[in-house]
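# Coordinates in review
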Amino acid sequence: MQTKTFRVPNITCAHCVMTIERELSELKGVTSVKADEKTKMVCVQWGEASASWHKVRLLLEEINYPPESQ
Ligand SMILES: [Cu+2]
């Protein structure tokens with residue numbers, strides 16, 4: 001299992017949080033997603049065999065919620 005916590009500056013409301021949680025949890029291998037509207041922080045957990053930070057980041061960029069760093 002890999003866990004990563006990062007900031008997504010484009011989070012502005014509860015709708016953003018729902019979108020991120022829904023989209024990321026549909027990514028194969030992702031086991032947990034928690035996003036927070038106030039802190040704009042997202043915590044994602046995935047199994048290393050099927051997902052990766054690269055895939056998580058690409059998906060977030062695709063839906064216009066790019067992570068702040070890396
Ligand atoms: Cu929003």
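Refer to the structure printed above.
Residues numbered from 1 in each chain as written. Predicted model: local features only at pLDDT ≥ 70, side-chain atom pairs only at ≥ 80, totals over all residues. Heavy atoms only, no water.

Summarising the metal site, the copper ion is bound by the protein donors Cys-13 (SG) and Cys-16 (SG), whose distances to it range over 2.0 to 2.1 Å. Judged by its relative accessible area of 30%, Cys-13 falls in the partly exposed class. (Donors = N, O, S within 2.8 Å, 3.2 Å for Na, K, Ca; no water. Buried < 20%, exposed > 50% of the residue type's maximum accessible area, 1.4 Å probe, protein only.)

Turning to the sheet that holds strand β2 (residues 30-35), a few remarks are in order. Adjacent strands of a sheet pair through backbone hydrogen bonds, lying either parallel or antiparallel. Read across the sheet, three strands follow the order β1-β3-β2 without closing on themselves; strand pairing throughout is antiparallel. Looking at which strands have only one partner, the edges of the open sheet turn out to be β1 (2-7) and β2. Recorded for the sheet is a direction-independent mean angle of 10° between the axes of neighbouring strands. Here β1 pairs with strand β3 (residues 41-46) via six bridges, running antiparallel. Within the sheet, the bridge partner assigned to Arg-7 lies in β3 and is Met-41. Those strands touched by helix α1 (residues 14-25) are β2 and β3, and its axis lies near 170° from that of β2. Strand contacts of helix α2 (residues 53-62): β1 and β3, with the helix running at about 35° to β1, the strand carrying the most contacts. (Pairing = 2+ DSSP bridges. Helix = DSSP H or I, 4+ residues; strand = E, 2+ residues; numbered from the N terminus. Axes fitted to C-alpha atoms, helices over the stretch in contact; angles between N-to-C directions. Contact = heavy atoms within 4.5 Å.)

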